[in-house]
Amino acid sequence: MGDPADGNHETKEVDGGSLPSSNGQEPYVHKVGIPPRQNLFKEFQSTVKETFFADDPLRSFKDQTRSRKFILGIEAIFPILNWGRSYSLKKFRGDLIAGLTIASLCIPQDIGYAKLANLAPQYGLYSSFVPPLIYAVMGSSRDIAIGPVAVVSLLLGTLLQNEIDPVANPEQYRQLAFTATFFAGITQATLGVFRLGFLIDFLSHAAIVGFMAGAAITIALQQLKGFLGIEKFTKKTDVISVMYSVLSSANHGWNWQTIVIGASFLAFLLFAKYIGKKNQKFFWVPAIAPLISVILSTLFVYITHADQHGVAIVKHIEKGINPSSVKEIYFTGDNLGKGFRIGMVAGMIALTEAIAIGRTFASMKDYQLDGNKEMVALGAMNVVGSMTSCYVATGSFSRSAVNFMAGCETAVSNIIMSVVVFLTLEFLTPLFKYTPNAILSSIIISAVINLVDYKAAILIWKIDKFDFVACMGAFFGVVFASVEIGLLIAVSISFAKILLQVTRPRTAILGKIPRTTVYRNIQQYPEATRVPGVVIVRVDSAIYFSNSNYVKERILRWLMDEEEEVKGDYQTRIQFLIVEMSPVTDIDTSGIHALEELFRSLQKRDVQLVLANPGPLVIDKLHTSNFATLLGEDNIFLTVAEAVAFCSPKLAEDP
């Protein structure tokens, strides 16, 4: 935080001869300009515009005819009408290959992710049929692949089973899942329509890294039930409960045939991933490996009748496309509130993941992604999805990466994937009857391993220790408590960091860089020299009610530290305190009041307060509050150098 005099920091001093004013002539002083007064309406309008419309979304509508504006409005809602006009056979080839590749990856993943959400396997497939079609029409990302994802599936499953037992009341549980999906979509669309996308930025990158890693560990541990063939398994997600459940069933609950199947195909999947990472030309190997694993393991179980020897299988998957679920959504009663609460949390997490993925791939291909349009598209697809037997869908990182590597050109790759899922639902679901649960567990474990980004955690540690605390807090919260506790810790630590930065802004003592008129932090530039009789302090933040008292007291502590050092060295006593205000972007009434108190405290010490380079908002408020008159306009300068030049002759005159 920049603490007192910073220990035994050695400083040099500038003699009067090196100051700009020492030539006997009065230096020319530039007055700080006062901006023209804005009326209240214009000021409010400007603030609202910068908050909600910083990207100027209506720029393309300027100077257009009414009919053209109507067309542009329709294209803004349905981007496919814009890029679809220039669609070509060449682009279709790329989209076809990418769509088929991600379909081979999504089908086995969807069946497994549905189990994570405690839903029947077909609901995972349903969620990769309708939502991708809606997104392809309304979404603006060319690369994102839509469907269920592991983290959201686990989060949804955990929150839903806390309210309703999926085994005892499967129908009510399913209805609550559709209700939560509906409100997840409403939350996402609302954030987009009202341009509140900046709210998701409050969940820091470090917290997301920790949360995702914790969720990955939790998901992998949950898969031990299918991987080891355990029938009775804990419903809790924390590592202690899961490991106790696993170890307590070791003697009588594990099935060796299941373990052999699971371990063999997990090794195959990890080897396929290794090949894909080793040579990017073979990106398709890890993409089709899950489907190959499902086909081979299903054939093995069918031929050997392993299901009769304790190997758990998927059994029945409902055939046919999504049935309507409009009547199953709770719009009244207690479950409405539960669904709304769960949906809001799941919707925000799904949104954070999708926007992060979309922006990542957009930057790789050098195109702009409108975050608010994305939110509306994601919200619309989940609202429609909730009415067609889907649960929360979002952008999948693993599938989007495969989509990107496969050479997708547009969102048509999502349509291709959706068509393949449709054909699977209509004709191929009976073939999955003998698919062992162990293979689904292996697929999920291999998929979530990449969510543990230890390299990112190491980088966070190197860059910012407080960010690392947020990362680890979220990680341990998920692993040792629950997904919702981990999420709560992640959000809490992120907000705590914001509050700490707002309430305890950094301050610094400045010195003069030799042979220049530049003044910089003496900690960063040890060669910087202090001016005798002058203390120069920089405040690195806006001054608001939340930090005004701290800023005042911190400046006084800097002054006291300097005064003690001066007494010890028998140097010129401190007569001027210059506050460099260029980083102070704004000030409120509490900030003005703190400056008034600082001014009076300095008067009692016979020290003159001087301000340097206040910004337009700040200088306007200083004049409006009459503080500029109280301080004296002659004590407000354009630069620190001019302020020092003004103080120097007075220091020389002092006996």
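Whatever comes next refers back to the structure up there.
Quick summary incoming for the structure in this document. Every value quoted in this text rests on a predicted model; they were computed, and no experiment measured them. (Residues numbered from 1 in each chain as written. Predicted model: local features only at pLDDT ≥ 70, side-chain atom pairs only at ≥ 80, totals over all residues. Heavy atoms only, no water.)

Core analysis: the biggest nonpolar cluster contains 81 residues, and Leu 156, Leu 160, Phe 211, Ile 219 and Ile 349 have the highest contact counts within it. Those residues in contact with Leu 160 that lie beyond four places of it in its chain are Tyr 173, Leu 176, Ala 177, Ala 180 and Ile 342. Formed by 36 residues, the second largest nonpolar core is a distinct cluster that contains Ile 574, Leu 595, Leu 609 and Leu 611. (Core = buried A, V, L, I, M, F, W, Y, C linked by side-chain atoms within 4.5 Å. Buried < 20%, exposed > 50% of the residue type's maximum accessible area, 1.4 Å probe, protein only. Contact = heavy atoms within 4.5 Å.)

Now for empty space enclosed by the protein. One pass over the structure, following the stated rule, counts three cavities of 30 Å³ or more. Its volume calculated, the second largest cavity comes out at about 50 Å³. If you list the elements that add at least two residues to the lining of the second largest cavity, you get strand S4 (507–512) and strand S7 (534–539). The dominant element in the lining of the second largest cavity, judged by the number of residues it contributes, is S7, at three residues. Residue classes in the lining of the second largest cavity are distributed as six nonpolar, no polar and two charged. (1 Å grid on protein atoms, 1.4 Å probe; cavity = no way out; pocket = protein on both sides within 12 Å on 5 of 7 lines; lining within 4 Å. Points joined across faces, edges and corners; volume = space filled by probe spheres on them. Helix = DSSP H or I, 4+ residues; strand = E, 2+ residues; numbered from the N terminus. Nonpolar A, V, L, I, M, F, W, Y, C, P; charged D, E, K, R; others polar.)

Our focus in this paragraph is the pattern of salt bridges. Taken as a whole and judged by the stated rule, the model has 15 salt bridges. Between Glu 597 and Lys 552 there is a salt bridge, and its shortest N-O distance comes to 2.9 Å. Separated by 45 residues along the polypeptide, Glu 597 in helix H23 (residues 589–604) and Lys 552 in helix H22 (residues 548–569) bring together distant segments of the chain. Arg 573 is the salt-bridge partner of Asp 606, the closest N and O atoms lying 3.0 Å from each other. Placement of the pair is Asp 606 in the loop between H23 and strand S9 (608–612) and Arg 573 in the loop between H22 and strand S8 (576–580), with a sequence separation of 33 residues. One continuous salt-bridge network, built from bridges that share partners, spans Glu 163, Lys 338 and Arg 341. (Salt bridge = Lys/Arg side-chain N within 4 Å of Asp/Glu carboxyl O.)

Viewed as axis vectors pointing N to C, helix H19 (residues 454–463) and helix H20 (residues 465–480) meet at an angle of 145 degrees, and their least axial separation amounts to 6 Å. Listed contacts from H20 to Ala 457, Ile 460, Trp 461, Lys 462 and Ile 463 of H19 are Lys 465, Asp 467, Phe 468 and Cys 471. Its residues assigned to classes, the contact of H19 with H20 shows six nonpolar, no polar and three charged. (Axes fitted to C-alpha atoms, helices over the stretch in contact; angles between N-to-C directions.)

For helix H14 (residues 334–365), spanning 32 residues, the distance from its first C-alpha to its last is 47 Å, which sits close to the expected 46 Å at 1.5 Å a residue. Just downstream of H14 lies Asp 366, where phi reads positive at about 60 degrees. (Expected span 1.5 Å × (residues − 1).)

Per the stated rule, a full pass over the model turns up 16 aromatic pairs. For the pair Phe 182 and Phe 183, a centre-to-centre distance of 5.2 Å together with 85 degrees between the ring planes defines the contact as edge-to-face. Residue Phe 182 is classed as buried on the basis of its relative accessible area, which comes to 11%. Judged by centre distance (5.2 Å) and plane angle (65 degrees), the rings of Tyr 302 and Tyr 434 are edge-to-face. Here Tyr 302 is found in helix H13 (residues 284–304), whereas its partner Tyr 434 is found in the loop between helix H17 (412–428) and helix H18 (437–448), with 132 residues between them in sequence. Here the aromatic residues Phe 182, Phe 183, Phe 331 and Phe 340 are joined through ring pairs into a cluster of three or more. When the ring centre of Trp 558 is taken as reference, the NZ or CZ atom of Arg 554 above it lies at 4.2 Å. (Phe/Tyr/Trp six-rings, centres within 6.5 Å; stacked < 30°, edge-to-face > 60°. Lys NZ or Arg CZ within 6 Å of the ring centre and 35° of its normal.)

Honestly, that's just the spatial picture; any functional story needs more than this.
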